[in-house]
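Analysis of the macromolecular model
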Amino acid sequence: MVALTDPDLLFPPEAQSRSLARDLYAGVKNLPIVSPHGHTDPRWYALNEPFPDPAQLLIVPDHYIFRMLFSQGVRLEDLGVATLGGGPVETDGRTIWRRFAEYYYLFRGTPTRLWFDHVLAHLFGIDEPLTAATADRHYDTIATLLQWENFRPRALFERFNIEAIATTEGALDDLQWHQMIRDSGWQGRVVTAYRPDAVVDPDFEGFSTNLDQLGEITGCDTGSWGGYLDAHRQRRAFFKSFGATSSDHGHPTAETANLSDAAAQELFNRVRRGSDDERERKLFRAQMLTEMAKMSLDDGLVLQIHPGSQRNHSRAVFEKFGRDKGFDIPTRTDYVMALKPLLDCVGLERDLTVILFTLDETSYARELAPLAGVYPALKLGPAWWFHDSPEGMRRFREMTTETAGFYNTVGFNDDTRAFPSIPARHDVARRVDCAFLARLVAEHRLREDEAHELAGELAYTLAKKAYRL
């Protein structure tokens, strides 16, 4: 039987560089995983129940998978994706799995194929390709293993050698699952991150009601600008009490503003009343990024900005299935002028960390690397989302290292909802970085001892340091 993964996966074809990459990788492949940003469900670790079936674990929650199948005409309902109205969807895990296996060839050459083959081989011990003919054997093997104690979430957490993982919760979340994890006495480090989009973005559905709820939760007057900011400070402190070291902001753009208190108060009043002026709503989001940065100076939370996604591009899919169903599409994003108000306010602060992400790769060399290469507060997040791929990771290193270096980046984070793929994603990142470092050594631009040191920092240390974990 042919192995699903090769020991030299993603290493250079040239013999000398490949040998160097192997040596570098050998030194980092077993380092602990620091997963400082992601979207796994904390209830998994809290309840520690068996995962329901292979389809519910690996297919139904993974938008990388179902968006590809949908593009080829497979209905989301046939993949078990629930509708908002509670309409009929496929619930039989084996049927969903068979349908996925039938179309698995669609993923040839994609990072999803790399991750999925890694999961099959290294987690479930499967050494034959997934096809329609092998689908039932694969399903039965995985379904049986998922009933074992050592395939429950906490056991997998430990098996994956995860040192720390951050989930992401909205500002209105009561963090009950994190409380349950704490009360259980389990020693796995699962922390939260503060995601306030629902109460800072006037275009978020239910924005006004969300602000009312924020006031009820905190006891602050969210009808006033000062009370609204106090409510954020209180919620941030609450999230910190559950281990949060970062906040996360998924704005449409990287636009920031730095209004006077009086102007900010007036803008808030208009937005709070339900302004239908798009410019005012954009300006409010921009002001809130700067307000969050100022709060980070006070409470130490790392500020992550994930801009540049046109969310829910298909109105029909959004209305039927809701958010996060594969229809978020990258857009062109400005950083130089967009971030200037925030940077004029706090960009020179050495105790502040703002991590920038992008879906617009044209901004790497032109904007992001030069900004991070000079402003003490800025760091560059890794290749993200659509570019979380071997090619995307290589492009990131090639276009940012010359100006920002390695130490203005923050290592790797997997940003995933697919828990079993976490080791696979980190393995791909470590292999790509080792291959890049091997090339620099082969070109006599880096000493071999420096490459070994850097390999460990890129795989582990930089993320731990940047996210204060």
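Our subject is the structure listed above.
Residues numbered from 1 in each chain as written. Predicted model: local features only at pLDDT ≥ 70, side-chain atom pairs only at ≥ 80, totals over all residues. Heavy atoms only, no water.

Examining the overall build of the chain
- Counting secondary structure elements, the chain contains 20 helices and 11 strands.
- Taken over the C-alpha trace, the chain has a radius of gyration of 23 Å; the compact-globule value for 469 residues is 23 Å, and the two agree within 12%.
- Dimensions of the chain along its principal axes, counting C-alpha atoms only, are 70 × 60 × 45 Å.
- For the chain, contacts bridging at least 24 residues in sequence account for 76% of all contacts bridging at least 6.
- Put simply, the chain shows about 19,500 Å² of open surface, and 49% of that area lies on carbon and sulfur atoms.
- Between the mean site of the 53 positive side-chain charges and the mean site of the 68 negative ones, the chain shows a separation of 1 Å. (Helix = DSSP H or I, 4+ residues; strand = E, 2+ residues; numbered from the N terminus. Rg over C-alpha atoms; globule rule 2.2 N^0.38 Å. Contact = heavy atoms within 4.5 Å. Areas by Shrake-Rupley, 256 points an atom, 1.4 Å probe, with all protein chains shown as cover. Lys, Arg positive; Asp, Glu negative; His and termini not counted. Charge placed at Lys NZ, Arg CZ, Asp CG, Glu CD.)

Some remarks on the nonpolar core
- Core analysis: the largest hydrophobic core is formed by 74 residues, its most contacted members being Trp225, Tyr228, Phe284, Met288, Leu339, Leu356 and Leu380.
- Sort the elements by how many residues they give to this core and helix α14 (residues 278-299) lands first, with six residues.
- Ignoring anything within four residues of it in the chain, the contact list for Met288 reads Val200, Trp225, Tyr228, Leu229 and His232.
- Ranked by size, the runner-up nonpolar core spans 50 residues in total, among them Ala46, Leu145, Ile181 and Ile422. (Core = buried A, V, L, I, M, F, W, Y, C linked by side-chain atoms within 4.5 Å. Buried < 20%, exposed > 50% of the residue type's maximum accessible area, 1.4 Å probe, protein only.)

Quick word on the pattern of salt bridges
- With the rule as written, the count across this model stands at 38 salt bridges.
- Where salt bridges share partners, they join Arg75, Glu77, Asp78 and Lys320 into one cluster. (Salt bridge = Lys/Arg side-chain N within 4 Å of Asp/Glu carboxyl O.)

Quick word on the side chain of Arg235
- In this fold, Arg235 is placed in helix α12 (residues 225-240).
- Notably, Arg235 is buried but unbridged: the nearest opposite-charge side chain belongs to Asp173, and the N-O separation is 6.4 Å.
- Looking at Arg235, its side chain comes within polar contact range of the main-chain oxygen of Ala171, at 2.8 Å.
- Discounting residues that sit within four places of it in the chain, Arg235 has contacts with Ala171, Leu172, Asp173, Tyr194, Leu214, Ile217 and Thr218. (Polar contact = N/O pair within 3.5 Å; in protein donor to acceptor, adjacent residues only side chain to side chain.)

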